[in-house]
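So the chains spell out like this:
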Amino acid sequence: MVMFDKSTYDKMMKEIPKAKLITPAVVSERLKVNGSVARLAIRHLEEKGLIESVGEKHHAGIIFTRKIGGGD
């Protein structure tokens, strides 16, 4: 992604999908980025299939969790 340097991108791909609770605030705190970049990071991880949404998606509060198993 263009928003991150190599070390931050690697940290995002390694640490964030392992977290039980993934919100823009958590991503922002762990990666030391602002909220809009954290939301882009979450969308990127969701597109890659590394995390999944919890409950209904809502613009005001997006909550994700790690993807467990291969439940088809």
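Just so you know, these numbers come straight off a predicted model, no measurement behind them. (Residues numbered from 1 in each chain as written. Predicted model: local features only at pLDDT ≥ 70, side-chain atom pairs only at ≥ 80, totals over all residues. Heavy atoms only, no water.)

Chemist: Explanation requested: helix α2 (residues 24-31) in the structure shown.
Modeler: Because each turn of an α-helix spans 3.6 residues, side chains separated by three or four positions end up pointing in the same direction. All buried positions along α2 are accounted for by P24, V27 and L31. Viewed end-on, α2 has its buried residues packed into an arc of 65 degrees, placing them on one side of the element. Facing away from the buried surface of α2 by more than 90 degrees, the exposed residues are A25 and E29. For α2, the secondary structure elements touched by its buried residues are α1 (6-15) and α3 (35-47). Backbone geometry just after α2 places K32 at a positive phi near 60 degrees. (Buried < 20%, exposed > 50% of the residue type's maximum accessible area, 1.4 Å probe, protein only. Helix = DSSP H or I, 4+ residues; strand = E, 2+ residues; numbered from the N terminus. Arc of directions from axis to C-beta. Contact = heavy atoms within 4.5 Å.)

Chemist: Could you clarify how one ought to interpret the nonpolar core in this entry?
Modeler: Here is a general trend for soluble globular proteins: nonpolar side chains tend to be buried in one another's company. One finds F4, M12, I22 and V27 to be the most contacted residues of the largest nonpolar core, which totals 16 residues. When contributions to this core are tallied by element, the ones reaching two or more residues are α1, α2 and α3. Of all the elements, α3 adds the most residues to this core, at five residues. (Core = buried A, V, L, I, M, F, W, Y, C linked by side-chain atoms within 4.5 Å.)

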